[in-house]
Amino acid sequence: LAQSLVALFVSSLAISLVFAIIPLCHHVLVLAVVMAVAGLAMGCIDTISNMQLVKIYQKDSAIFLQALHFFVGFGALLSPLIADPFLSDTNCILSNGTSNASSNLPHIRKSLVPHHPGNLSHYALPMRGMVVTRVSYAFWIMALINLPVPIAVFFLLYKERMVPCFNGSSHPLLSADELALETRPGDKDEPPTTAPRPHTAAGHGDLFSCCQSRNFQGASFTYFAVHITGALVLFMTDGIVGEYSGFVYSYAVEEPLAVVHKVAGYLPSLFWGFITLGRLISIPVSYRMKPSTMVFINVVGVLITFLLLLIFSSSVVFLFVGTASLGLFLSSAFPSMLAYTEDILQYKGCATTVLVTGAGIGEMVLQLLVGSIIHDRGSYSFLVCGMIFGCLAFTFYALLVFFHRMYPKPSPELDEASPKAAVPEDSGQYQR
């Protein structure tokens, strides 16, 4: 856990530095390098935070994963609102021709939320003149807002005696029993609970232990199949989140809907708002409902929503209703799939890395694919692509359930021993 916390500290501090540096980048190549560093840092935070929640809380991790991803959606909803006061309604460079061009540009402000503005080639944008933008302040404010995060992680390192220079006087924030939420039978048998410590610490002390080849020796076909199908489900569902939020604005302003730019600009915000609402609702729901059931509701809901969007493709009202519905159904897909897959694989945390990577690749690839198809085939293909991705997500989920039934269950002897060994294993790892 010490390696994970150090990586979280470095990554979160790097994000604040990147946001502070971005306004100072005056060359596109430098900006690309800085953005690549930010992407690496965010990928580390995403993977490590999910993996450690799974390893620490195990069967109770579904609730904490839902809470984690609620804040992910909340940040995605809040950050454009922070930046909005600093975005110009006109071109950011003043010149003699700006007055004629600026009247056509208010919709650019709205298109910055979905990150993919439409075809702007027919607008005259002056490239020379006095720069009047104040967008730099938005980046610096975001850098300051993020700064308490690395400070908090460093404080946790200090309190858990993981900082070499300051490990003598601090006391751990949480004891072992406070971290373990599972019921531990046989508390009086102290020797059996403490004996496994040296053995388990060796197996879980390395951040990259999942990548070691010895972990795959003797693994069954279903072991790999569960990883692959779970990653493919998230490839599709997270890819839908990326492509829908990125292109719903462009789809709305084109024929046949031809929604005015100001109204269409609310669609991505509505989508992310209902994703955030859905993740908030999923926190108490995940306490009562199995992750597998929640994932089933997610993929079926996405499929039905896209089908209705295709049927009522000429209705602006249903586009807003469908956008809200899609946000609700996609909201808990990621954390529920992590909890479901790790439940199958006995909470070793290795599947989390595969699933997070699959989701990230899907979000990147499907946006590129859908953008190319819309450019070639027209705006209607936007919904057709969503329907196809929804069908594929449901298919991969069905395969995952099939491989889950084939996956060998742990022996009863291990089941009886695991509650006693699980708590010291996690607690010892957490405290050291």
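Just so it is clear, the structure is predicted and the values come from calculations on it, not from any experiment.

Chemist: I would appreciate a short explanation of the overall build of the protein chain in the present structure.
Modeler: Scanning the protein chain from N- to C-terminus turns up 19 helices and two strands. Long-range contacts, defined here as pairs at least 24 residues apart, represent 78% of the contacts in the protein chain between residues at least 6 apart. Per element, the accessible surface of the protein chain, about 22200 Å² overall, is 69% carbon and sulfur.

Chemist: Just to check I follow, could you spell out the environment of L392 for this structure?
Modeler: Residue position: L392 is located in helix α18 (residues 381–406). Residue class for L392 comes out partly exposed when judged on its relative accessible area of 32%. The spacing of L392 and T237 is 155 residues in sequence and 9.4 Å in space, taken between C-alpha atoms.

Chemist: Help me understand helix α11 (residues 221–253), please; the structure alone is not making it clear to me.
Modeler: Each α-helix winds once per 3.6 residues, and so residues spaced three or four apart point in a common direction. With 33 residues, α11 extends 48 Å from end C-alpha to end C-alpha; this agrees with the ideal 48 Å at 1.5 Å per step. In terms of burial, α11 is a largely internal element, 29 of the 33 residues being buried.

Chemist: Looking at this structure, I do not really get a nonpolar patch on the surface. What am I missing?
Modeler: On the surface, a cluster of nonpolar side chains totalling about 530 Å² of accessible area is made up of L13, L17, I21, L144, L147 and I151. Among the elements that make up the nonpolar patch, the one with the highest residue count is helix α1 (residues 2–21) (three residues). Note that L13 resides in helix α1.

Chemist: Sorry if this is basic, but what is going on with the packing of α11 against helix α13 (residues 266–288) here?
Modeler: Pairs of packed helices are described in terms of their axes, by the angle between the two and the distance that separates them. Relative to each other, α11 and α13 sit at 150 degrees, their axes nearing to 8 Å. Classified by the angle between their axes, α11 and α13 sit roughly antiparallel to one another. Residues V241, Y244, S245, V248, Y249 and A252 of α11 form the contact with α13, whose own contacting residues are L267, P268, F271, W272 and I275. Split into classes, the residues belonging to the contact of α11 with α13 amount to ten nonpolar, one polar and no charged.

Chemist: What should I look at first to understand helix α3 (residues 61–83) in this one?
Modeler: With 23 residues, α3 extends 33 Å from end C-alpha to end C-alpha; this agrees with the ideal 33 Å at 1.5 Å per step. Buried residues of α3: S61, A62, L65, Q66, H69, F70 and G73, and no others. Buried-residue contacts for α3 involve α2 (28–57), α13, α14 (291–311) and α16 (333–344).

Chemist: I'm lost on the side chain of T305 in this one. Help?
Modeler: Secondary-structure assignment places T305 in helix α14. Among residues more than four places away in sequence, those in contact with T305 are G322, S325, L326 and F329.

Chemist: How should the confidence of the model for the protein chain be read in this particular structure?
Modeler: Do not read the predicted coordinates in detail wherever pLDDT is low. A residue-level look at the protein chain finds 71% of positions with pLDDT of 70 or above and a mean pLDDT of 77. Note on residues 413–432: pLDDT under 50 across the span, and 42 contacts to partners over four residues away in sequence or across chains.

Chemist: How should I be thinking about the nonpolar core in this particular structure?
Modeler: Considering soluble globular proteins, one finds that nonpolar side chains tend to be buried as a cluster. Ranked by internal contacts, the top residues of the largest apolar core, which has 74 residues, are Y244, F271, F306, L319, M337 and F382. In terms of residue count, α11 provides more of this core than any other element does, 16 residues in total. Looking at which domains feed residues into this core, each of domain 1 (1–89 + 134–165) and domain 2 (220–409) gives three or more. Among residues more than four places away in sequence, those in contact with F306 are I240, E243, Y244, L326, L383, G386 and M387.

Chemist: What's the story with the packing of aromatic side chains in this structure? I'm lost.
Modeler: In this structure the tally under the stated criterion is 16 aromatic pairs. Both rings, one in F312 and one in F318, keep their centres 5.1 Å apart while their planes meet at 45 degrees; by these two values the pair is tilted.

Chemist: Sorry, what's going on with unusual backbone geometry here?
Modeler: Comment: phi is negative for the bulk of residues other than glycine, and the bulk of peptide bonds are trans. Here the residue pair E255 and P256 is connected by a cis peptide bond, since its omega of 10 degrees sits within 30 degrees of zero. Of note, P256 is situated in the loop between α11 and α12 (261–264).

Chemist: Which parts of the structure should I look at to understand the packing of α11 against α16?
Modeler: Taken N-terminus to C-terminus, the directions of α11 and α16 make an angle of 175 degrees; their axes are 10 Å apart at the nearest point. One way to sum up the angle between α11 and α16 is to call them roughly antiparallel. Seen from α11, the contacting residues are V226, G230, V233, L234, T237 and D238; seen from α16, they are A333, F334, M337, L338, T341 and I344. Of the residues in the contact of α11 with α16, the class split is eight nonpolar, three polar and one charged.

Chemist: What is the right way to look at the environment of L234 in this model?
Modeler: For L234, the position within the fold is in helix α11. Judged by its relative accessible area of 0%, L234 falls in the buried class. Separated by 159 residues in sequence, L234 and A393 have C-alpha atoms that sit 7.8 Å apart. Leave out the neighbours within four places in its chain, and L234 touches G239, A333, F334, M337, L338, L355 and A359.

The rules behind the values
Residues numbered from 1 in each chain as written. Predicted model: local features only at pLDDT ≥ 70, side-chain atom pairs only at ≥ 80, totals over all residues. Heavy atoms only, no water. Helix = DSSP H or I, 4+ residues; strand = E, 2+ residues; numbered from the N terminus. Contact = heavy atoms within 4.5 Å. Areas by Shrake-Rupley, 256 points an atom, 1.4 Å probe, with all protein chains shown as cover. Buried < 20%, exposed > 50% of the residue type's maximum accessible area, 1.4 Å probe, protein only. Expected span 1.5 Å × (residues − 1). Patch = residues over 30% accessible without salt bridge, like charges linked within 9 Å, V, L, I, M, F, W, Y side chains within 5 Å. Salt bridge = Lys/Arg side-chain N within 4 Å of Asp/Glu carboxyl O. Axes fitted to C-alpha atoms, helices over the stretch in contact; angles between N-to-C directions. Parallel < 35°, antiparallel > 145°, perpendicular 65-115°, else oblique. Nonpolar A, V, L, I, M, F, W, Y, C, P; charged D, E, K, R; others polar. pLDDT = per-residue confidence, 0-100. Core = buried A, V, L, I, M, F, W, Y, C linked by side-chain atoms within 4.5 Å. Domains from an automatic or database assignment. Phe/Tyr/Trp six-rings, centres within 6.5 Å; stacked < 30°, edge-to-face > 60°.

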